[in-house]
Amino acid sequence: MKETLDKLLLTYDRLIEILEQLSMNAKDQKEKLKGTVVADELASDYSDIAMLYVKLLFENEWISKEQFLLAQDIDNKLEQMSQEKSLWNENALSNAMEWEDCRIKAKKLLETLKESK
């Protein structure tokens, strides 16, 4: 189903916001999401919200297949990480390579989206 231009623009902008948040360094993430369980909030914002946006944008040909696959890769990484309890605290958010990998992938996706806009 084709969506309205306004809905697609809003969806795109919200996706960008979530990717910007996920790609921030751990210190900035902690500051921005103060008062929450930061790792959980980052993961749920991405997996539960951003992925819905990604699917909608892909279905309406607003993002490429490569962008869609990169978004799925980030989601899969977060899903794998959910099996490792030690990754879900602020120390891991700052020091674990898994979180850094998510940041790198989010930055890459963000760059490709901004380039294609």
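For the structure, see preceding data.
Summary of the structure given here. In every chain, residue numbers begin from 1 and rise along the written sequence. Since the coordinates come from a predicted model, pLDDT governs what is reported: local features require at least 70, and pairs of side-chain atoms require 80 or more to be given and counted, while whole-chain, interface and lining totals use all residues. Processing note: side-chain calculations cover all non-hydrogen atoms of the structure and skip hydrogens and water entirely.

1. Some details on the packing of aromatic side chains
Then, number 1: Stacked, tilted and edge-to-face are the three classes assigned to paired rings of Phe, Tyr and Trp, where Trp is represented by its six-membered ring and a pair needs centres within 6.5 Å; plane angles under 30 degrees give stacked, over 60 edge-to-face, the rest tilted. Scanning the model with the defined rule gives 3 aromatic pairs in all.
Then, number 2: Between F58 and F68, the aromatic rings sit 4.4 Å apart at their centres with planes inclined by 20°, giving stacked as the arrangement. Of this pair, F58 sits in helix α3 (residues 38-59) while F68 sits in helix α4 (residues 65-81); the two residues are 10 residues apart in sequence, bridging distant segments of the chain.
Then, number 3: Relative accessible area decides the class of each residue, using a 1.4 Å probe on protein chains only: under 20% of the type maximum gives buried, over 50% gives exposed, and in between gives partly exposed. Overall, the relative accessible area of 31% leaves F58 in the partly exposed class.
Then, number 4: Residue classification places F68 among the buried residues on the basis of a relative accessible area of 13%. By the criteria applied, helices consist of DSSP H or I runs no shorter than four residues and strands consist of E runs no shorter than two, each listed in order from the N terminus.

2. Focus on the side chain of K77
Then, number 1: Position of K77 relative to the elements: it lies in helix α4.
Then, number 2: Two residues form a contact once any of their heavy atoms are found within 4.5 Å. Apart from residues lying up to four places away in sequence, K77 is in contact with E98, D101 and C102.

3. Section: the side chain of D45
Then, number 1: For D45, the position within the fold is in helix α3.
Then, number 2: Buried charge without a salt bridge: D45, with K32 as the nearest opposite-charge side chain at an N-O distance of 8.2 Å.
Then, number 3: Identification of polar contacts relies on pairs of N or O atoms within 3.5 Å, with a donor-acceptor requirement for protein atoms, meaning one able to donate a hydrogen and the other able to accept it, and with residues adjacent in sequence counted only if both atoms are side-chain atoms. At a separation of 2.9 Å, a polar atom in the side chain of D45 contacts the side chain of Q21. When charges are counted, neither His nor the chain ends are considered; positive counts come from Lys and Arg and negative counts from Asp and Glu. The working definition used for a salt bridge is a side-chain nitrogen of Lys or Arg within 4 Å of a carboxyl oxygen of Asp or Glu.

4. A short note on helix α6 (residues 97-116)
Then, number 1: Any helix carries an expected span of 1.5 Å times its number of residues minus one. Counted at 1.5 Å a residue, the expected span for α6 with its 20 residues is 28 Å, and the 29 Å between its end C-alpha atoms agrees.
Then, number 2: Turning to α6, its buried residues are W99, C102, R103, K105, A106, L109, L110 and L113.
Then, number 3: In this fold, the buried residues of α6 make contact with α1 (5-23), α2 (26-32), α3, α4 and α5 (90-95).

5. Description of unusual backbone geometry
Then, number 1: The backbone of E61 sits at a positive phi, close to 60°, despite the residue not being glycine.
Then, number 2: With respect to the helices and strands, the residue E61 is situated in the loop between α3 and α4.
Then, number 3: According to the relative accessible area criterion, E61 is exposed, its value standing at 65%.

6. Section: the nonpolar core
Then, number 1: Residues L15, L19, Y46, L78, W99, L109 and L113 are the most contacted members of the largest nonpolar core, which totals 38 residues.
Then, number 2: Counting only elements with at least two residues in this core, the list comes to α1, α3, α4, α5 and α6.
Then, number 3: Looking at which element gives the most residues to this core, the answer is α3, with 11 residues.
Then, number 4: Residues in contact with L15, not counting those within four places in the same chain, are A50, Y53, V54, L57 and L113. To qualify as a nonpolar core, a set must consist of buried Ala, Val, Leu, Ile, Met, Phe, Trp, Tyr and Cys residues joined through side-chain atoms within 4.5 Å.

7. What to know about the environment of N91
Then, number 1: By the element assignment, N91 lies in helix α5.
Then, number 2: Note on N91: relative accessible area 54%, which makes it exposed.
Then, number 3: C-alpha of N91 to C-alpha of V54: the two residues are 37 residues apart in sequence and 29 Å apart in space.
Then, number 4: A polar side-chain atom of N91 sits 2.6 Å from a polar atom in the side chain of N95.

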